[in-house]
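# Summary of structural features
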Amino acid sequence: MENSFTDRMTQDLVLIEEYLKNAFVAEPRCADLQEAMEYSLLAGGKRIRPILTLETCRLCGGDVQAALPFACAAEMVHTYSLIHDDLPAMDDDELRRGRPTNHVVYGEATAILAGDALLTAAFDQLTRADLPAGRIVEAVKCLSHAAGSAGMVGGQALDMAGEGRGLEREELELLQSLKTGALISAAAELGCIAAGGTEEQRAQVRTYAQALGRAFQIRDDMLDVTSSQEELGKPVGSDRINEKSTFVTSLGLDGCAVQVELLTRQGIDALSSFDNPSFHTWLARWLAGRNR
């Protein structure tokens, strides 16, 4: 059974990579801008967000091909956030996905512009979906809310403001629900929107993805302590160096493991009324046990 899910994820990845590879080929080349955008966008990674979009569209009875622009829009927003997070003014990281970060290769100015362009391109992609206009409007509303000051950017602001001081658990949970969880939740909800899912289905998908996002971040914090740079493809121990509060500092490794299991179960249970949520169940468990 696991092999079939792995094969399905591989099929999704082929669709996603092909779409992303062709996203900017028709654009005029503006100095190093498009090259810098593609450098980060095509650098691989787990592609959890676009996979969630496609598989949630399938779960809700929709057309995966029609959902591809929504899926890749979510990945463009995610990639822009990584480029900006790595900048010297933010986390000041020099390695991402096993190779030099964008600003190390192209300079800070081009990296900033590449992130800006990817964010803008994401909303252009939403409009390209061969779906009813009402669904596209809902997708714009969903992604813009998740990406902005009430979502991912707001979480990053809280993260920066929290450096050098201990955060209470409630503060940490809010920070990570915005910085990491909001976009993961939106990516899944975009799949439901693409399929024309009901409000009840959207609420259930949202609950699943929010639990998945929290578990994902807790596992990330654990790996920052227990893994190596070679395994992760990025520096480890950076949270400690930057004096950031994490779930490990709040709960300890054992407490984090308990929370990952609890959240994974909560997420799986949220989809119990769907006919066949087996892929989402497998994905939640796979992410809970990941080593990179």
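Further up the page is the structure itself.
To start, this report covers the structure provided alongside it. Fair warning: this is a prediction, and the values are worked out from it, not measured in the lab.

Within the span of helix α8 (residues 152-161), buried status applies to Met152, Gly154, Gly155, Gln156 and Asp159. Turning to α8, the residues buried within the fold contact α4 (64-85), α7 (133-147) and α9 (169-194).

According to the stated counting rule, one finds 19 salt bridges in the structure shown. Its salt-bridge partner being Arg202, residue Glu199 comes within 3.7 Å of it at the nearest N-O pair. Placement of both Glu199 and Arg202 in helix α10 (residues 199-226) is noted, with a separation of three residues, approximately one turn of the helix. Residue Asp269 pairs with Arg265 through a salt bridge whose shortest N-O separation is 3.1 Å. Separated by four residues within a single helix, Asp269 and Arg265 lie in helix α13 (residues 247-270), roughly one turn from each other.

Before going further, it helps to examine the packing of helix α3 (residues 48-59) against α9. It is at 7 Å that the axes of α3 and α9 come closest, and there the two elements cross at 30°. Comparing the axis directions of α3 and α9 gives the class roughly parallel. Where α3 crosses over α9, the two elements pack in a sense that is right-handed. On α9, the residues touching Arg49, Leu52, Thr53, Thr56 and Cys57 of α3 are Thr180, Leu183, Ile184, Ala187, Ala188, Leu190, Gly191, Cys192 and Ala194. Class assignment for the residues of the contact of α3 with α9 results in nine nonpolar, four polar and one charged.

What counts, and where the lines are drawn
Residues numbered from 1 in each chain as written. Predicted model: local features only at pLDDT ≥ 70, side-chain atom pairs only at ≥ 80, totals over all residues. Heavy atoms only, no water. Buried < 20%, exposed > 50% of the residue type's maximum accessible area, 1.4 Å probe, protein only. Helix = DSSP H or I, 4+ residues; strand = E, 2+ residues; numbered from the N terminus. Contact = heavy atoms within 4.5 Å. Salt bridge = Lys/Arg side-chain N within 4 Å of Asp/Glu carboxyl O. Axes fitted to C-alpha atoms, helices over the stretch in contact; angles between N-to-C directions. Parallel < 35°, antiparallel > 145°, perpendicular 65-115°, else oblique. Left-handed = near helix turned anticlockwise from the far one by under 90°. Nonpolar A, V, L, I, M, F, W, Y, C, P; charged D, E, K, R; others polar.

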